[in-house]
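As a plain string of letters, each chain reads:
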Amino acid sequence: MANRPRVRRLYSASTRKSYDAAYLDGWRRKVERVGNLNYPEEALRRRLYGHLRLLVVIQPDGRLKSVEVLKSSGHSILDDAAKRIVYLSAPFAPFPPEIRKRADLIEIIRTWRFERSRFGINS
């Protein structure tokens with residue numbers, strides 16, 4: 001039987017280690033930059049705003065393994081846009097050695113905010 005991958009889950013409360021915090025911050029900045037450049041036009045036209053929660057799974061080389069909506073915004077346009085933004089943002093930085101020693105996958109769970117033509121991510 002194959003060994004199960006070691007998974008490291010990163011969210012604000014878990015990022016006590018500086019290398020976790022640095023990786024999560026770099027990931028967040030990249031996704032927000034791409035998200036603000038690719039804000040869903042239809043959401044702007046229809047004045048749709050909201051929050052949703054995503055689970056993003058990243059492989060050691062920075063490739064995206066999966067994206068899953070954990071809690072919907074109530075608007076499929078926003079949910080689909082958030083997933084699309086993650087795919088457009090990939091690949092991400094490879095795991096630094098400190099994380100690579102401890103994990104085969106990183107799971108990032110964050111709340112995504114679509115607000116009046118501005119996109120943001122928080123815990």
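Structural data are supplied above this passage.
Read on for an overview of the structure. Just so it is clear, the structure is predicted and the values come from calculations on it, not from any experiment.

1. Digging into the overall build of the protein
Here comes step 1: Helix and strand counts for the protein stand at four helices and five strands.
Here comes step 2: Going from the N terminus to the C terminus, the protein shows its helices and strands as β-α-α-β-β-α-α-β-β.
Here comes step 3: Across the 123 residues in the protein, those meeting the buried criterion constitute 44%.
Here comes step 4: The long-range share in the protein, meaning contacts at least 24 apart out of those at least 6 apart in sequence, stands at 71%.
Here comes step 5: Carbon and sulfur atoms provide 47% of the accessible area of the protein, an area that totals close to 7200 Å².

2. Notes on the nonpolar core
Here comes step 1: Ranked by size, the top nonpolar core spans 31 residues in total, and within it Trp27, Val56, Trp112 and Phe114 carry the most contacts.
Here comes step 2: Those elements giving two or more residues to this core turn out to be α1 (18-37), β2 (50-58), β3 (64-71), α3 (76-89) and β4 (105-115).
Here comes step 3: Once residues within four sequence positions are removed from consideration, Val56 is found in contact with Trp27, Leu64, Ser66, Val86, Ile106, Glu107, Ile108 and Trp112.

3. Here's the deal with the environment of Arg116
Here comes step 1: For Arg116, the position within the fold is in the loop between β4 and β5 (118-122).
Here comes step 2: Assessed through its relative accessible area of 66%, Arg116 is described here as exposed.
Here comes step 3: When the C-alpha atoms of Arg116 and Tyr39 are compared, they prove to be 9.9 Å apart, with 77 residues separating the residues in sequence.
Here comes step 4: Setting aside chain neighbours within four positions, we find Arg116 in contact with Tyr39 and Tyr49.

4. Some details on the pattern of salt bridges
Here comes step 1: Scanning all chains against the criterion turns up nine salt bridges.
Here comes step 2: In this structure, the salt-bridge partner of Asp20 is Arg8, at a minimum N-O distance of 2.9 Å. Here the residue Asp20 occupies a position in helix α1, and Arg8 occupies one in strand β1 (residues 7-10), the gap between them amounting to twelve residues.
Here comes step 3: Accessibility expressed as a relative area gives 2% for Asp20, which makes it buried.
Here comes step 4: Through salt bridges with shared partners, a single network forms among Asp25, Arg28, Arg29 and Glu32.

What counts as what
- In this numbering scheme, every chain counts its residues from 1 along its sequence in written order.
- Confidence filtering applies because this is a predicted model: local features only for residues at pLDDT of at least 70, side-chain atom pairs given and counted only at 80 or more, and all residues used for totals across whole chains, interfaces and linings.
- Side-chain metrics in this entry use all non-hydrogen atoms of the structure; hydrogen atoms and water are not considered.
- Numbering of helices and strands runs from the N terminus, with a helix taken as a DSSP run of H or I at least four residues long and a strand as a DSSP run of E at least two residues long.
- Note on exposure labels: buried denotes an accessible area under 20% of the residue type's maximum, exposed denotes more than 50%, and partly exposed covers the range between, all computed with a 1.4 Å probe on protein chains only.
- Residue contacts follow a heavy-atom distance rule, with two residues in contact if any of their heavy atoms lie within 4.5 Å.
- Surface accessibility in these figures is a Shrake-Rupley result with a 1.4 Å probe; residues are shielded only by whichever protein chains are displayed.
- Put simply, a nonpolar core is a bunch of buried Ala, Val, Leu, Ile, Met, Phe, Trp, Tyr and Cys residues held in one set by side-chain atoms that sit within 4.5 Å of each other.
- In what follows, salt bridge is the name for a side-chain nitrogen of Lys or Arg lying within 4 Å of a carboxyl oxygen of Asp or Glu.

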